[in-house]
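# Residue-level structure breakdown
This is what each chain is made of:
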Amino acid sequence: MIRTHYAKELLAHRGEDVTVAGWVENVKELPNLRFVIIRDRTGIAQITVHKKNSPQELVKATDKLNLQDVIVVSGSVLEKQVAKIGPELQPKAVEVLSRAATPLPLDINGEAETSLDTRLDWRAMDLRKPKNLAVFKIEAKIVEGFEEWLRSNGYVQISTPSIIGGVSEGGSEVFKIDYYGSPASLRQDIQLHRQLSMAAGFDKVFEFGPNWRAELSHTPNHLSEHRSLVVELSFISDETDTERVEEQLVTHALDKVIRECAEELELLGKKPEKPSIPFPEIRFPEIYDILKQRGKPVPFGEDLNREAEQALATYMKEKTGHDFFFINRFPFGIKPFYVMRVDDDPTWARSVDLVYRGLELSSGGQREHRYEKLMEQVKLKKMTESEIAWFTDNFKYGVPPHGGFSIGIERLTKQMLGIENVKEASLFPRTPERLKP
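Here is a short report on the structure shown in this document. (Residues numbered from 1 in each chain as written. Predicted model: local features only at pLDDT ≥ 70, side-chain atom pairs only at ≥ 80, totals over all residues. Heavy atoms only, no water.)

## Things to note about helix α9 (residues 306-320)
- The end-to-end C-alpha separation of α9 is 21 Å, in line with the 21 Å expected for 15 residues at 1.5 Å each.
- Of the positions making up α9, those classed as buried are Ala 308, Glu 309, Ala 311, Leu 312, Ala 313, Tyr 315 and Met 316.
- Buried residues belonging to α9 abut β12 (281-283), α8 (286-293), β13 (324-328) and β15 (359-366).
- Regarding α9, its N-cap is Asn 305, as a side-chain oxygen of that residue lies 3.3 Å from the backbone nitrogen of Glu 307 further along.
- Backbone geometry just downstream of α9 places Gly 321 in the positive-phi region, at approximately 80°. (Helix = DSSP H or I, 4+ residues; strand = E, 2+ residues; numbered from the N terminus. Expected span 1.5 Å × (residues − 1). Buried < 20%, exposed > 50% of the residue type's maximum accessible area, 1.4 Å probe, protein only. Contact = heavy atoms within 4.5 Å. Polar contact = N/O pair within 3.5 Å; in protein donor to acceptor, adjacent residues only side chain to side chain.)

## Considering the packing of aromatic side chains
- Per the stated rule, a full pass over the model turns up 15 aromatic pairs.
- On the numbers, 5.2 Å between centres and 40° between planes, the contact of Tyr 288 with Phe 300 is tilted. With Tyr 288 in helix α8 and Phe 300 in the loop between α8 and α9, the pair connects residues that are 12 residues apart, well separated along the chain.
- Between Phe 300 and Trp 348, the aromatic rings sit 5.5 Å apart at their centres with planes inclined by 75°, giving edge-to-face as the arrangement. Note that Phe 300 is positioned in the loop between α8 and α9 and Trp 348 in the loop between β13 and β14 (351-356), a separation of 48 residues in sequence.
- A residue is classified by how much of its surface remains accessible, and Trp 348, at 8% relative accessible area, is buried.
- Grouped by ring-pair contacts, the aromatic residues Phe 284, Tyr 288, Phe 300, Phe 330 and Trp 348 constitute a single cluster. (Phe/Tyr/Trp six-rings, centres within 6.5 Å; stacked < 30°, edge-to-face > 60°.)

## A closer look at the packing of helix α10 (residues 371-380) against helix α11 (residues 385-392)
- Their axes nearest at 11 Å, the elements α10 and α11 cross at an angle of 150°. Our classification of the angle between α10 and α11 gives roughly antiparallel. α10 and α11 meet at a crossing whose hand is right-handed. Here α10 contributes Tyr 371, Leu 374, Met 375, Val 378 and Lys 379 to the contact with α11, which in turn contributes Glu 385, Ile 388, Phe 391 and Thr 392.
- A class-by-class count of the residues in the contact of α10 with α11 yields six nonpolar, one polar and two charged. (Axes fitted to C-alpha atoms, helices over the stretch in contact; angles between N-to-C directions. Parallel < 35°, antiparallel > 145°, perpendicular 65-115°, else oblique. Left-handed = near helix turned anticlockwise from the far one by under 90°. Nonpolar A, V, L, I, M, F, W, Y, C, P; charged D, E, K, R; others polar.)

## Looking at the packing of helix α5 (residues 192-199) against α11
- For the pair α5 and α11, interaxial distance at closest approach is 10 Å and the crossing angle is 45°. When the axis of α5 is compared with that of α11, the two are oblique. Contacts from Leu 192, His 193, Gln 195 and Leu 196 in α5 reach Ile 388, Trp 390 and Phe 391 in α11.
- The residue makeup of the contact of α5 with α11, split by class, is five nonpolar, two polar and no charged.

## Things to note about the sheet that holds strand β8 (residues 176-179)
- Here we have three strands laid out as an open sheet, ordered β7-β9-β8, and antiparallel in their pairing. Unpaired on one side and paired on the other, β7 (163-164) and β8 mark the two borders of the sheet.
- As paired strands, β7 and strand β9 (residues 182-186) are joined by two bridges and run antiparallel to one another. Bridge pairing in β9 links Ile 164 to Ser 185. (Pairing = 2+ DSSP bridges.)

## Topic: unusual backbone geometry
- Residue Pro 103 is bonded to the preceding Thr 102 through a cis peptide linkage, with omega at 0°.
- Here Pro 103 is to be found in the loop between β5 (88-98) and α2 (116-121).
- Going from Ile 277 to Pro 278, the amide bond is cis rather than trans, its omega being 5°.
- For Asp 203, which is not glycine, the phi torsion reads 75° and is therefore positive.
- Here Asp 203 shows up in the loop between α5 and β10 (204-212).
- Judged by its relative accessible area of 30%, Asp 203 is partly exposed.

Printed below as a string of structure tokens:
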């Protein structure tokens, strides 16, 4: 490796010779001194060049540095730190590994306003900004927290196909592809195959992966390609068992961020709190009455819109003090065929959403595991039985009661950090207008 240490490590190596590498963040000139600020993914360090006392080859090497040049610096870490912005290094050698063209297409230091579209056009450069890097360090920690809790509670990680020979939820909002001359599509959700893992006896599983939705959505909350964590478990009593799992999982991940990402949260100016459990729950049809009282009526039997979700979030915050809450027992008419209905009142489905600060984070609930009921629902949804038989036929041979959920990772990051647009929580976002970079 070219480097021996990262910038963040230097203060623990005062008086030692080290090599650091990164991007030129800034160059400050004084009559007898030149300060070169170098940044890597852990932070910044100051390279102090004495114009008169330093070897001329060293002075010459730093004469014409451009912002965002990639350099490697060897030198000694000062015993007594004078610089206030980071560790200070007395250089012995400076080498330019890669020159940056000028002018830069956007302001890396964040002093000038740049539109989101321009930032996304130059996303690799945009991601050099420390605050943007902090977002993805936190997002990575959320994923780490999820995986940590799941593995410690006996869940097995699986990988299911992204290409399917049908659609998992019905409808036309799928990306259709040509699969060796046969029609196929990119999955909308990691759904049916993880249910088949329950039929296989895996009992408790999870998966991280991408999903695609061909919705022409132009909102701050939608992506055409998003990442999710999906969880499925068997031998549940009802859908509330999935709620208890999900709240523990989310709470553990957020607590991990709070404990282990203090620097990133401080940089972003955020102070999230660990939520208390259990998360409160609200159910249909009571929801329709509450929305009517709040002046945001939704017709009986229809799904919630964004205004309704936000109105319910305000209501639940006032009533319970919680930012997280579950919505349960959605109308079956708006749900996919595989969702279990309430036997004694089949208008409603054992379907659960988790809402966080007014935005749906996840959907899930209990699945229908009884073959006869499942086929009734296939007919109700006017699906072609032969096309879905690859899935439903497995339920003839004994499948336990099961359920699960799918959490949007970018959405959780967005809501936790108060980010305005979910695109900023996606490394290289895909939307109806954006396929590059």
